[in-house]
Structure formats: C-alpha cells, structure tokens
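In case you want the letters, here they are:
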Amino acid sequence: MGLIIKNSVKKSRMDIQITQEELAEKIGVTRQTIGLIEKEKYNPTIALCLSLSKVLGKSLDELFWIEED
C-alpha cells in the first residue's frame, strides 16, 4: 500500500479564472510544471505548495491531501 498526494489545484485555478500560464508566471515555474501538478504526476516542494496556496487563496489542507492506494 502506498500513499498518493492528491490536489485541487486545477479546480482552484479555474475558480479564479486564470490559465495555467498565468498561474505559472505568478509563482515562477513553467506552464508544464502546473500541468504536471494538476495531473498529480509531480509532487511540488513545500515552498511551491505555499506559493500555490497564496496565489489561489486556499489553505494547504484545501489544496493538498494524502490518500492510500
């Protein structure tokens, strides 16, 4: 059994009506990085998680959580 980090980055981004590119620019990463995070194929650093939280106006708990597979 493994742990999977899940997120609501895409939903949160769409709620404030910004593109992946716009979000990437605001936090200093590439659009591709945002895409990978949204697809749960890349686990961001805590610093990146905090930046996403600030820009998206959500707590870390609202954006990220762990599930068992």
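The structure this text deals with has already been given above.
Here's what I pulled together on the structure shown here. Computed from a prediction, not measured in an experiment: that's the story for all the values here.

**Focus: helix H2 (residues 20–27)**
At step 1: Within H2 the residues assigned to the buried category are Gln20, Leu23, Ala24 and Ile27. End-on, the buried residues of H2 take up no more than an arc of 100°, which puts them together on one face. For H2, the exposed residues set more than 90 degrees away from the buried face come down to Glu25 and Lys26.
At step 2: Considering only its buried residues, H2 is in contact with helix H1 (9–15), helix H3 (31–38) and helix H4 (46–56).
At step 3: Directly beyond the C-terminal end of H2, a positive phi value near 80° is found at Gly28.

**Some words on H3**
Every α-helix winds through 3.6 residues per turn, so residues three or four apart in the chain are directed the same way.
At step 1: Where H3 is concerned, the buried positions are Thr33, Ile34, Gly35, Ile37 and Glu38.
At step 2: Immediately beyond the C-terminal end of H3, within one or two residues, lies Glu40, with a positive phi of roughly 60°.

**Observations concerning the side chain of Thr33**
At step 1: Its location among the elements puts Thr33 in helix H3.
At step 2: If we ignore the near neighbours within four places in the chain, the residues touching Thr33 are Tyr42 and Leu48.

**Structural notes on the pattern of salt bridges**
At step 1: Considering all chains together, one arrives at three salt bridges under this definition.
At step 2: As a salt-bridge pair, Lys6 and Glu40 come within 3.1 Å of each other at their nearest N and O atoms. Here the residue Lys6 occupies a position in strand E1 (residues 3–7), and Glu40 occupies one in the loop between H3 and H4, the gap between them amounting to 34 residues.
At step 3: Judged by relative accessible area, Lys6 falls into the partly exposed class, the value being 23%.
At step 4: By relative accessible area, which is 29% here, Glu40 ends up partly exposed.

Reading guide: rules and limits
Residues numbered from 1 in each chain as written. Predicted model: local features only at pLDDT ≥ 70, side-chain atom pairs only at ≥ 80, totals over all residues. Heavy atoms only, no water. Buried < 20%, exposed > 50% of the residue type's maximum accessible area, 1.4 Å probe, protein only. Helix = DSSP H or I, 4+ residues; strand = E, 2+ residues; numbered from the N terminus. Arc of directions from axis to C-beta. Contact = heavy atoms within 4.5 Å. Salt bridge = Lys/Arg side-chain N within 4 Å of Asp/Glu carboxyl O.

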